[in-house]
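Structure assessment
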Amino acid sequence: MQLFIDTADLDQIRTAYSWGTVDGVTTNPSHIAAAGGDPDELLAQIFSLVDGPVSVETVSLEADGIVREGRAIAALHRNAVVKVPVTVEGLKAVKRLAAESIHTNVTVCFSPLQAYLAAKSGATYISPFVHRTDLAGGDGLQLLRDIRAVYTRYGYATKILAASIRTAKEVQEALLAGADVVTAPFDILEGLYRHSLTDTVIARFLGDWKQVPPTRLFAEENLARYE
Ligand code: G3P
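Overview of the structure. As the structure is a computational prediction, the values presented were derived from the model and not from experiment. (Residues numbered from 1 in each chain as written. Predicted model: local features only at pLDDT ≥ 70, side-chain atom pairs only at ≥ 80, totals over all residues. Heavy atoms only, no water.)

Considerations on the nonpolar core
Counting residues in hydrophobic clusters, the biggest one holds 55 residues, and the most contacted among them are I46 and I126. Counting residues per element, this core draws most heavily on helix α8 (residues 140-154), which supplies five residues. If sequence neighbours within four positions are ignored, I126 has contacts with N105, V106, C109, A115, A118, I147, Y151, T158, K159, I160 and L161. In terms of nonpolar packing, the next biggest core, distinct from the first, is built from five residues, F4, V81, Y125 and V181 among them. (Core = buried A, V, L, I, M, F, W, Y, C linked by side-chain atoms within 4.5 Å. Buried < 20%, exposed > 50% of the residue type's maximum accessible area, 1.4 Å probe, protein only. Helix = DSSP H or I, 4+ residues; strand = E, 2+ residues; numbered from the N terminus. Contact = heavy atoms within 4.5 Å.)

Digging into the packing of helix α4 (residues 63-76) against helix α5 (residues 88-99)
Two packed helices can be described by the angle between their axes and the distance between those axes. Where α4 contacts α5, the two axes come as close as 8 Å, and the packing angle between them is 45°. The angle between the axes of α4 and α5 places the two elements in the oblique class. Remark: the crossing between α4 and α5 carries right-handed chirality. Of α5, the residues touching α4 (which contributes A63, D64, I66, V67, G70 and R71) are E89, G90, K92, A93, R96 and L97. For the contact of α4 with α5, the per-class residue count stands at five nonpolar, two polar and five charged. (Axes fitted to C-alpha atoms, helices over the stretch in contact; angles between N-to-C directions. Parallel < 35°, antiparallel > 145°, perpendicular 65-115°, else oblique. Left-handed = near helix turned anticlockwise from the far one by under 90°. Nonpolar A, V, L, I, M, F, W, Y, C, P; charged D, E, K, R; others polar.)

Focus on the site of the ligand
Around the ligand, the neighbouring residues are D6, N28, H31, K83, F129, R132, A163, S164 and R166. The separation between an oxygen atom of the ligand and a polar side-chain atom of S164 is 2.7 Å. A distance of 2.5 Å is found between an oxygen atom of the ligand and a side-chain nitrogen or oxygen belonging to R166. In isolation the ligand exposes 310 Å². Once the protein is present, 87% of that is buried. Per-class residue counts for the shell around the ligand are two nonpolar, three polar and four charged. (Near = heavy atom within 4 Å. Polar contact = N/O pair within 3.5 Å; in protein donor to acceptor, adjacent residues only side chain to side chain. Areas by Shrake-Rupley, 256 points an atom, 1.4 Å probe, with all protein chains shown as cover.)

Points about the pattern of salt bridges
Between side chains of opposite charge, pairing is possible as soon as their charged atoms come close. All told, the structure shown has six salt bridges when counted by the stated rule. A salt bridge links R14 to D11; its shortest N-O distance comes to 2.9 Å. Residue R14 and its partner D11 are both found in helix α1 (residues 10-18); the two are separated by three residues, about one turn of the helix. On the basis of relative accessible area, R14 is assigned to the partly exposed category, the value being 38%. The residue R204 makes a salt bridge to D208 at a minimum N-O spacing of 3.2 Å. On the criterion of helical spacing, the pair formed by R204 and D208 is a turn pair, its members being four residues apart in helix α11 (residues 196-209). (Salt bridge = Lys/Arg side-chain N within 4 Å of Asp/Glu carboxyl O.)

This is how it looks when you write it as structure tokens:
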């Protein structure tokens, strides 16, 4: 399963990429507004930092406008993915963009039926909004499982990109539900590395190591040989 970072913040993207476990970026209009500054320059910098898919969202509401914006996004970089809301007009545009071999991420998905229609339209990714489904009284993880079942049963190649993730537990559950990708904010991705028992055990090991006589193995002159 791939991990994407859900942000347009350059420092967050740079740091997350330094970990070596992040595969791509998803942005949305809210992220770009929060990052501030010149949006064209911001997108150019994101593409320069990232060697993987970067979703950029269209803002037109009718298919012709979405297609025009989508072509412009796709022309920015070979890694560009055109993010399109799951509406009638959006899916009409997705079908046309797919015919031009432009990758799309169909977003704001809250039902397996919407995911089914997106797959039929040729979407590269579908983004079910996990946490917002829960907030509205639904079951975001069951939504992921249902979409997985539909896509597997009918052989759709559209990738499931679990979005609107707010907890590490949701990332773990998305893994278990068979998501192809999870996109999550920086603090959630950072939190995936943490476990209090890990810290406790490391502290114990390092405490015990202080009783061990100096070793030639870790001596500076030995380590320098391997640089
Ligand atoms: O970028 C798509 C999605 O992950 C945003 O979700 O719920 O954090 O606004 P949310």
